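These are the residues of each chain, in order.
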Amino acid sequence: MMVKLPDTIRFIERDWLAANHVMFRDTDAATLVDTGYGKFNHVTLEKVGEVLSDWGDLPLERIINTHIHSDHIGGNAALQRAHPGCSITIPLDEQPALVNWDASDQMLSYADQEAERFAWDAVIAAGETVSLGGEAWEAIATPGHDMGSLVLYSPKLRVLISADALWENGFGFVVPRAIDPRPLAAQRATFKRLAELDVALVIPGHGPMFTDFSGALKHASDKLEAFAADDMRIVRNVVKGMFIYSLMWREQMLLADLPNYVNRIGVHRDYNAQFFKMSDEAFADWLVAEALRAGKARVDGGRLIAL
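Keep in mind it's a predicted model, so treat the numbers as computed, not measured. (Residues numbered from 1 in each chain as written. Predicted model: local features only at pLDDT ≥ 70, side-chain atom pairs only at ≥ 80, totals over all residues. Heavy atoms only, no water.)

With reference to specific residues and values, describe the overall build of the protein chain.
The number of helices and strands found in the protein chain is 10 helices and 14 strands. In terms of C-alpha radius of gyration, the protein chain reaches 19 Å, essentially the compact-globule figure of 19 Å for 307 residues. Overall, the protein chain is about 60 × 40 × 40 Å in size when its C-alpha atoms are taken along their principal axes. Out of the 307 residues belonging to the protein chain, those deemed buried represent 55%. A sequence separation of at least 24 residues applies to 67% of the contacts in the protein chain between residues at least 6 apart. (Helix = DSSP H or I, 4+ residues; strand = E, 2+ residues; numbered from the N terminus. Rg over C-alpha atoms; globule rule 2.2 N^0.38 Å. Buried < 20%, exposed > 50% of the residue type's maximum accessible area, 1.4 Å probe, protein only. Contact = heavy atoms within 4.5 Å.)

In structure tokens form, the structure reads like this:
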């Protein structure tokens, strides 16, 4: 049975391309957690606006980001323009990456993703408590998928806003240990930390809300250990996921351009050179075959089209 959220909290489910949103209503203003992917800002603005309207045209006062991947920060600048005076709060440990904008570990242009640069006004650190919707929410460090990421947890409501640290059927990718040995171990520690919480309802970064917290945590932990046993499985997961994500936001790609594409985009060029050691043509063909096999694309008239 689904746990009902208080009237002061609104969940907005999106999809794989744009992260979910959580909105909180306080006496005089509203707060939004995570803002989606930039290409779909028109949808984000509409959905956020509908909730604010339902709440008596309450102003949007604050944005909080759980981490700084493109699908969670993509609407920051647009929302701030649409709602003058709206502040942006980021995790404390994400500041260096935002100062050094578009470095490879942020997975923007390096992974063929886009996000408009923005300025932040405040930071939140692990262990801090923030008041949202009249309730106290604890910020908990959840490194792994993103080494600076946070989740928000309300002990009173027993609700966890898990971002990409935990989904109903998995979690956000981790990079191979051959690239960086820290994230996989950090993700394992994150699951152990989350297991200590008393959670009745999870609001994930992608997918619907769910109540089987222990089941999701076990499934994610088992998946992580399968990755731990085979670094090449992580490698394939990363490049396939990045390629399909790019295809979906672009909607289609010319097949003839793909060899040049995988040579130009850093994550594909570098991972191919280090792990696959294929020609650009062969690596592009492999990515296309994987997208087709996953049911995420079709070929039509020399184009790879997202489904």
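Describe the packing of helix α7 (residues 231–250) against helix α9 (residues 266–276), and please don't skip the residues or the numbers.
Taken N-terminus to C-terminus, the directions of α7 and α9 make an angle of 155°; their axes are 11 Å apart at the nearest point. The orientation of α7 with respect to α9, classified from their angle, is roughly antiparallel. You can see that α7 and α9 cross each other, and the crossing is left-handed. Along its contact with α7, which presents Met232, Val235, Arg236, Val238, Val239, Met242 and Phe243, the element α9 presents Val267, His268, Tyr271, Phe275 and Phe276. When grouped by side-chain class, the residues that make up the contact of α7 with α9 number 10 nonpolar, one polar and one charged. (Axes fitted to C-alpha atoms, helices over the stretch in contact; angles between N-to-C directions. Parallel < 35°, antiparallel > 145°, perpendicular 65-115°, else oblique. Left-handed = near helix turned anticlockwise from the far one by under 90°. Nonpolar A, V, L, I, M, F, W, Y, C, P; charged D, E, K, R; others polar.)

Tell me about the packing of aromatic side chains, and name the residues and values.
Evaluation of the coordinates by the stated rule reveals 13 aromatic pairs. A centroid spacing of 5.6 Å and a plane angle of 85° characterise the contact between Tyr37 and Tyr245, whose relative ring orientation is edge-to-face. Within this pair, whereas Tyr37 is found in the loop between β3 (30–33) and α1 (41–54), its partner Tyr245 is found in helix α7, the two being separated by 208 residues in sequence. By the burial criterion, Tyr37 is buried, and Tyr245 matches it. (Phe/Tyr/Trp six-rings, centres within 6.5 Å; stacked < 30°, edge-to-face > 60°.)

Describe the pairing of strand β7 (residues 129–132), listing the residues and the values that go with them.
Side chains of β7 alternate between two faces, with Val130 and Leu132 buried and Thr129 and Ser131 left unburied. Pairing of β7 with strand β8 (residues 135–141) involves four bridges; the strand directions are antiparallel. The residue of β8 that forms the bridge with Leu132 is Glu135. Between the antiparallel neighbours β7 and β8 lie two residues, among them Gly133 with a positive phi of about 60°. (Pairing = 2+ DSSP bridges.)

Any details on the sheet that holds strand β14 (residues 303–306)? Residues and values, ideally.
Spatial strand order, β12-β14-β13: three strands in an open sheet with antiparallel pairing. Two strands in the sheet have a free side with no partner beyond their single neighbour: β12 (252–254) and β13 (297–300). Strand-to-strand twist across the sheet, computed as the mean angle between neighbouring axes with direction ignored, equals 20°. Where β12 meets β14, three bridges bridge the pair, whose relative direction is antiparallel. Among the inter-strand pairings, Gln252 is bridged to a residue of β14, identified as Ile305. The sheet strands contacting helix α10 (residues 280–293) are β13 and β14, and the helix crosses β13 at an angle near 115°.

Could you give an account of the environment of Ser131, with specific residues and numbers?
Relative to the helices and strands, Ser131 is located in strand β7. Between the alpha carbons of Ser131 and Ser154 there is a distance of 9.8 Å; along the sequence they are 23 residues apart.

Go over α7 with me, naming the residues and quoting the values.
For α7, which comprises 20 residues, the first-to-last C-alpha distance of 29 Å matches the rise-based estimate of 28 Å (1.5 Å per residue) to within 8%. Counting buried positions over the 20 residues of α7 gives 14, a clear majority of the element. At the C-terminal side of α7, Glu251 shows a positive phi close to 80°. (Expected span 1.5 Å × (residues − 1).)

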